[in-house]
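Read off the chains here:
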Amino acid sequence: MDRIAVTGGFALKGSLPISGAKNAALPLMCAGLLTESALTLSNLPHLADISTLKSLLEGHGAETKIEDEGKKLGEGQIISFTTPAITNTTAPYDIVRKMRASILVLGPLLARTGEATVSLPGGCAIGNRPIDLHLKGFEAMGANIELEEGYVRAVAPGGRLKGGTVVFPTVSVGATENILMAATLAEGTTVIENAAREPEIADLASCLIAMGANITGIGTRTLTVEGVDKLHGTEYSVMSDRIEAGSYAIAAAMTRGELELVGENLLEVMTGTVGALHEAGIEFTETDQGVIAKLASDKIKGINVTTQPFPGFPTDMQAQVMAMMTICDSASVINETIFENRFMHVPELTRMGADITMHGSTAIVRGVDQLLGAPVMATDLRASMSLVLAGLVADRQTFVNRIYHLDRGYERLVEKLQNVGAKITRDSGMGI
Ligand code: UD1
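Note that this is a predicted model, so its numbers are computed, not measured.

1. Structural notes on the overall build of the protein chain
Reasoning step 1: Secondary structure summary: the protein chain contains 15 helices and 24 strands in total.
Reasoning step 2: Principal-axis analysis of the C-alpha atoms gives the protein chain an extent of 65 × 45 × 40 Å.
Reasoning step 3: At a minimum sequence separation of 6, the contacts of the protein chain that also span at least 24 residues come to 75%.
Reasoning step 4: The averaged location of the 49 negative side-chain charges in the protein chain is 4 Å from the averaged location of its 35 positive side-chain charges.

2. Let's talk about unusual backbone geometry
Reasoning step 1: Cis rather than trans, the peptide bond between F310 and P311 has omega equal to 15°.
Reasoning step 2: Residue position: P311 is located in the loop between β18 (304–306) and α11 (318–325).
Reasoning step 3: One non-glycine residue with positive phi stands out, namely E149, at about 50°.
Reasoning step 4: Along the chain, E149 falls in the loop between β8 (144–148) and β9 (151–155).
Reasoning step 5: Positive phi outside glycine occurs at N341, with the angle close to 65°.
Reasoning step 6: The residue N341 is located in the loop between β19 (331–335) and α12 (345–351) in this model.

3. Topic: the sheet that holds strand β13 (residues 223–226)
Reasoning step 1: Taken in spatial order, the four strands make up an open sheet running β10-β11-β13-β12, and their pairing is mixed. Lying at the two open borders of the sheet, with one neighbouring strand each, are β10 (165–167) and β12 (214–216). In this sheet, neighbouring strand axes are inclined to one another by 15° on average, regardless of whether the strands run parallel or antiparallel.
Reasoning step 2: Of the pairings in the sheet, the one linking β10 to strand β11 (residues 189–193) comprises three bridges and is parallel in character. Within β11, the residue paired with T165 across the bridge is V191.

4. Section: the site of the ligand
Reasoning step 1: Inspection of the region around the ligand gives 17 residues, with D132, L133, S172, D316 and I338 positioned closest.
Reasoning step 2: Within the side chain of D132, a nitrogen or oxygen atom sits 2.7 Å from a nitrogen atom of the ligand.
Reasoning step 3: A distance of 2.5 Å is found between an oxygen atom of the ligand and a backbone nitrogen or oxygen belonging to I338.
Reasoning step 4: Those elements giving two or more residues to the shell around the ligand turn out to be α5 (132–140) and α6 (173–184).
Reasoning step 5: A total of three residues in the shell around the ligand trace back to one element, the largest contributor, which is α5.
Reasoning step 6: The residue makeup of the shell around the ligand, split by class, is seven nonpolar, five polar and five charged.

5. A short note on the pairing of strand β3 (residues 38–44)
Reasoning step 1: Burial within β3 is extensive, with five of its seven residues counted as buried.
Reasoning step 2: Pairing of β3 with strand β5 (residues 77–82), which is carried by five bridges, proceeds in the antiparallel orientation. Residue pairing across strands places L41 opposite I79, the latter belonging to β5.
Reasoning step 3: As paired strands, β3 and strand β14 (residues 234–237) are joined by four bridges and run parallel to one another. Along β14, the bridge assignment pairs L39 with T234.

Definitions and limits used
Residues numbered from 1 in each chain as written. Predicted model: local features only at pLDDT ≥ 70, side-chain atom pairs only at ≥ 80, totals over all residues. Heavy atoms only, no water. Helix = DSSP H or I, 4+ residues; strand = E, 2+ residues; numbered from the N terminus. Contact = heavy atoms within 4.5 Å. Lys, Arg positive; Asp, Glu negative; His and termini not counted. Charge placed at Lys NZ, Arg CZ, Asp CG, Glu CD. Pairing = 2+ DSSP bridges. Axes fitted to C-alpha atoms, helices over the stretch in contact; angles between N-to-C directions. Near = heavy atom within 4 Å. Polar contact = N/O pair within 3.5 Å; in protein donor to acceptor, adjacent residues only side chain to side chain. Nonpolar A, V, L, I, M, F, W, Y, C, P; charged D, E, K, R; others polar. Buried < 20%, exposed > 50% of the residue type's maximum accessible area, 1.4 Å probe, protein only.

These results come straight from atomic positions and should not be treated as a statement about function.
Right, dumping it as structure tokens:
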């Protein structure tokens, strides 16, 4: 296994390209299953999750073609997905267990063929993560759902889903995306109440509209979809990754540097994150090609944050903000309300000298003067990034192990950070 070695104490300066958003790219790729024509996606990040989903889609009958590899740092790939026919309606355990987002093929497969069988994703590092909301949504659209041998089988009587009213008791990004995709080809009107409002949902809806779908209410709690008989192909560019951008804004502030984050509409999609980072003392200035992030004074201020669905503070930024708070000027309180068990970075940050006390789903972080480099273990994607951030300011070297988590969500992280002055390497085969 590889590991990342990072030596702290170097201010990051320069321009850093923000990649296409993984969490937007994955549902967009699944949307390709809804039509027999080509869906060509650009600005797709080079990430393990993208390759995993590409294989899954090929297993369902998608013909994929890499139109442009996008070799320059930060340049996305362009891939076309053409699915003349769904050749297999089962998403196997082998792939689904690797990537929970595989559940997003359920809606498109069911909508296009009237049936789908998808392995239950199982637990994951940041909690139980059930899929009951997805299933209740499909039931409200007339599907019969059965669970057998670790698989969920959904069948639409008569081969087509029917429009219905889906009321989510809890906001779910994935369930909103799954139902939204399925509703585009359902018979009649579907209303999704308490829909997630994350920018990635708006990105998906915009692409579906470009494919011929009829969707209103984008960006609000209620999405209304008039089903159509057929969708067609289109070309669509994936939005910039707001979580990657937020993570690097924190890197700039923690190292007392200044980074220009290059990407589209960053401040707009970073609502929730920007508010918290601003309170911590980070200043954002828009430029022609993105936004400059730096600390306004020489201090990082302690803040209190609670994770919430968009437009609140995102759970996907919680670990990185905690890393920043470990060196703030006072104490801060971080409340996690979206996922249980999403504090696995706490013991690792503590090993680096952070002062963190846990009370259930609340962490109290008291700023220390200096973190200390240590060998640490990455546990999930965002937790891994929090350890890299801590390493960028720690005394001496930090070795981050199990970096396959980072490969799932941060495109060419080491190169991007090296380019702006970080002392960081990827050591092949040296991890544990
Ligand atoms: C997506 C993001 C992930 C982010 C999360 C919350 C992708 C690929 N992943 O995950 O990075 O952290 O949104 O912003 O976009 N829940 C249920 N039943 C369900 C579905 C969800 O109880 O059927 C619960 C979850 O356990 C969690 C909460 O709802 O407590 C929110 O989860 P959800 O928004 O669905 O997260 P994902 O779509 O899996």
